[in-house]
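Residues per chain are reported as follows:
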Amino acid sequence: MSKIRVEYIWTDGHLPTAKLRSKTKIVDGPVKDVSELPEWGFDGSSTEQAEGHFSDCLLKPVRLALDPIRGGDNLLVMCEVFNADGTVHASNARAALRELAEKHADQEAWFGIEQEYTFFDGIKPLGWPDNGFPAPQGGYYCGVGSDEVYGRDIVEDHMESCILAGIEMSGINAEVMPGQWEFQIGPVGPLDVADEVWLARWLLYRIGEDYGVSATLHPKPVKGDWNGAGAHTNFSTKAMREPGGLAVIEEACKKLGKTHEKHIVQYGAHNEERLTGLHETCSMQDFKYGISDRGASIRIPMQTANDGFGYLEDRRPSANMDPYKVCAALMETVCADELVPA
Ligand code: ADP
Ligand code: MN
Ligand code: MN
Ligand code: MN
């Protein structure tokens, strides 16, 4: 038996966008299953999760990952937050997704999330000149070369760390705005994808510390004629992935058209700055779906249309969305037999 360090990670009560928090517990290792880890507490008055006079909140470990930074048997663990009396804390969005995932387990929902983000060096995007702007967008997306991409060493480090942690990362790419990048998680089930997006975000911020670079998930980090940052959420059920699935996907798009407003409020703050109808987005006021249409709210990928089955891409979620809420909204609308009224 030897001592290991376990980083307990949770989302706080910050509004309108929850932030990540973490602290380290030293326990006897090795630990193989999340059930072996003790619950823990924290001061909720410092995380906008409690008032000062009654401030203890409970951390319940729910999802283990290897710690690629400390290495060895050290671990990262995603936690859910509970009140001192054992009830689900108001900031705990995972609990609702947990229930939906269980209720609709028979539909075998899969999610793939494309997380866009922007590196900042102090107050300006990484690689941008001290005065003025870089050359207009056009050559940066999937670019190569020191005049096109900024921060690749951090991106490579982050990607390797996610793989070592056991996160189902499926790729990365440089984005349309210089200093902006994307990583993809999935396709995996709802709780896995959401836990892993949060863990990958935590690793991105933590690795950024070593480079003196921060990463922001703001949906419109630079105003004007620069692309915003989203978190396209790709989604399928077993029926969508089987022959004849295209009809099931179109049925889902119709349901999503009826619940647009209900979804948008769950899809991230300041998203109206990004969903303008420009820069490969559909206006927030409208709902459209279409095959291969990057100006639609929901895109049915070309491959899916050609095969007649596959998945849909919800392009509305912003980069700073909470994946627990976005996955829950999609399951609530698409997996239920009856539409849940707004
Ligand atoms: P694009 O940039 O063209 O929109 P990406 O390649 O960045 O697409 O992302 C596509 C995402 O779709 C990946 O995260 C992948 O995991 C996910 N995906 C692939 N197949 C499915 C599926 N059947 N169900 C849900 N997600 C899927
Ligand atoms: Mn992508
Ligand atoms: Mn992208
Ligand atoms: Mn996409």
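Everything that follows concerns the structure shown earlier in this document.
Counting from 1, residues in each chain are numbered in the order their sequence is written. Each chain is given a letter, starting from A, and each ligand a number, starting from 1, according to the order in which they appear as written. Thresholds applied to this predicted model are a pLDDT of at least 70 for local features of residues and 80 or more for the giving and counting of side-chain atom pairs; totals over whole chains, interfaces and linings are not thresholded and use all residues. Side-chain measures here rest on the full set of heavy atoms in the structure, leaving out hydrogens and waters.

Engineer: Would you mind going over the coordination of the manganese ion (ligand 3) in detail, with residue names and values included?
Structural biologist: Water is not part of the atom set, so a site may look incomplete; the donors themselves are N, O and S atoms within 2.8 Å of the metal, or 3.2 Å for Na, K and Ca. Protein-derived coordination of the manganese ion (ligand 3) comes from Glu116 (OE), Glu175 (OE) and Glu182 (OE), at a distance range of 2.1 to 2.2 Å. In primary sequence terms, the donor set of the manganese ion (ligand 3) follows E-x58-E-x6-E. Separating the manganese ion (ligand 3) and the manganese ion (ligand 2) is a distance of 3.8 Å, and Glu182 donates to both of them. Of the two residues, Glu116 sits in strand β6 (residues 110-121) while Glu182 sits in strand β9 (residues 180-188), which places them 66 residues apart along the sequence. Each of the two residues, Glu116 as well as Glu182, counts as buried. The way it works is that DSSP assigns letters per residue, a run of H or I at least four long becomes a helix, a run of E at least two long becomes a strand, and they are numbered from the N terminus. Residue exposure (1.4 Å probe, protein chains only): buried if accessible area is under 20% of the type maximum, exposed if over 50%, otherwise partly exposed.

Engineer: I'd like to hear about the packing of helix α2 (residues 152-165) against helix α3 (residues 190-211), residue by residue, with values.
Structural biologist: With axes taken as lines fitted to C-alpha atoms, and helix axes fitted only over the stretch in contact, angles between N-to-C directions fall between 0 and 180 degrees. Closest axis-to-axis distance for the α2/α3 pair is 10 Å, and the angle between their directions is 135 degrees. Here α2 is positioned oblique relative to α3, judged by the angle of their axes. Helix-helix and strand crossings are classified by hand; for α2 and α3 the assignment is right-handed. Seen from α2, the contacting residues are Asp153, Ile154, Asp157, His158, Ser161, Cys162 and Ala165; seen from α3, they are Ala200, Leu203, Leu204, Ile207 and Tyr211. Classifying every residue of the contact of α2 with α3 by side-chain character gives eight nonpolar, two polar and two charged. Just so you know how the angles are binned, under 35 degrees is roughly parallel, over 145 roughly antiparallel, 65 to 115 roughly perpendicular, and the rest oblique. Here a crossing is taken to be left-handed if its near helix is turned anticlockwise relative to the far helix by less than a right angle, and right-handed if that turn runs clockwise. In this analysis, two residues are considered to be in contact whenever any of their non-hydrogen atoms come within 4.5 Å of each other. For this classification, the nonpolar set comprises Ala, Val, Leu, Ile, Met, Phe, Trp, Tyr, Cys and Pro, the charged set comprises Asp, Glu, Lys and Arg, and every other residue, Gly included, is treated as polar.

Engineer: Which residues make up the coordination of the manganese ion (ligand 4), and what values do they have?
Structural biologist: Under ideal tetrahedral coordination, the four donors around a metal are separated by 109.5 degrees; under ideal octahedral coordination, the six donors are separated by 90 or 180 degrees. Each protein donor to the manganese ion (ligand 4) is listed here as Glu114 (OE), Glu114 (OE), His232 (ND1) and Glu313 (OE); together their distances run 2.0 to 2.5 Å. Taken in sequence order, the residues that donate to the manganese ion (ligand 4) follow the motif E-x117-H-x80-E. If you look at the manganese ion (ligand 4) and the manganese ion (ligand 2), they sit 3.9 Å from each other and are both ligated by Glu114. One end of the pair, Glu114, is in strand β6; the other, Glu313, is in strand β14 (residues 312-314), and 199 residues separate them in sequence.

Engineer: I'd like a rundown of the site of ligand 1, residues and numbers included.
Structural biologist: We call a residue near a given molecule or strand whenever any one of its heavy atoms falls within 4 Å of it. What surrounds ligand 1 is a group of 17 residues, the closest being Glu182, Gly186, Pro187, Ser236 and Glu313. Polar contact is defined as a pair of N or O atoms within 3.5 Å, subject to the rule that within protein one atom must be able to donate a hydrogen and the other to accept it, and that residues adjacent in sequence are counted only when both atoms are side-chain atoms. Interatomic distance of 3.0 Å between a side-chain N/O atom of Glu182 and an oxygen atom of ligand 1. Here Gln184 contributes a side-chain N or O atom positioned 3.3 Å from an oxygen atom of ligand 1. The Shrake-Rupley method, run with a 1.4 Å probe sphere, supplies the accessible areas, and residue values consider only the shown protein chains as cover. Expressed as a share of its isolated accessible area of 580 Å², the protein-covered part of ligand 1 is 77%. Buriedness for pockets is judged along seven lines, at least five of which must meet protein on both sides within 12 Å for an open set on the 1 Å grid over protein atoms alone, while cavities are sets there where a 1.4 Å probe fits but cannot get out, and lining residues have an atom within 4 Å of a point. Just a note on the criterion: a molecule sits in a pocket or cavity if more than half of its atoms are within 2 Å of the grid points. A majority-of-atoms criterion places ligand 1 in the largest pocket.

Engineer: Can you explain unusual backbone geometry? Please cite residues and give values.
Structural biologist: Residues Gly29 and Pro30 are joined by a peptide bond in cis, for which omega reads -5 degrees. Along the chain, Pro30 turns up in the loop between β2 (20-29) and β3 (40-43). A cis amide bond links Gly186 with the next residue in sequence, Pro187, at an omega value of 0 degrees. Here Pro187 is to be found in strand β9. Of note in this structure, Glu48 is not a glycine but carries a positive phi near 60 degrees.

Engineer: Describe the packing of aromatic side chains, with residues and values.
Structural biologist: Working definition: rings of Phe, Tyr and Trp (its six-membered ring) pair if their centres are within 6.5 Å, and the pair is stacked with planes under 30 degrees apart, edge-to-face with planes over 60 apart, and tilted otherwise. Within this structure, the stated rule accounts for eight aromatic pairs. Relative to Phe119, the ring of Tyr117 has its centre 5.2 Å away and its plane inclined at 75 degrees; by these criteria the two rings are edge-to-face. As far as the burial class goes, Tyr117 and Phe119 line up, both buried. Geometrically, the ring pair formed by Tyr117 and Phe183 is tilted, given 5.9 Å between the ring centres and 45 degrees between the ring planes. Residue Tyr117 is located in strand β6, and its partner Phe183 is located in strand β9; the two are separated by 66 residues in the primary sequence. In this pair, the class of Tyr117 matches that of Phe183, namely buried. Among the aromatic residues, those joined into a ring-pair cluster are Tyr117, Phe119 and Phe183. Put simply, a charge is over a ring when the Lys NZ or the Arg CZ is close to the ring centre, within 6 Å, and near the line of the ring normal, within 35 degrees. It is Arg201 that lies over the ring of Trp198; its NZ or CZ is 4.6 Å from the centre. The aromatic ring of Trp110 is capped on one face by Arg241, whose charged end is 3.5 Å from the ring centroid.

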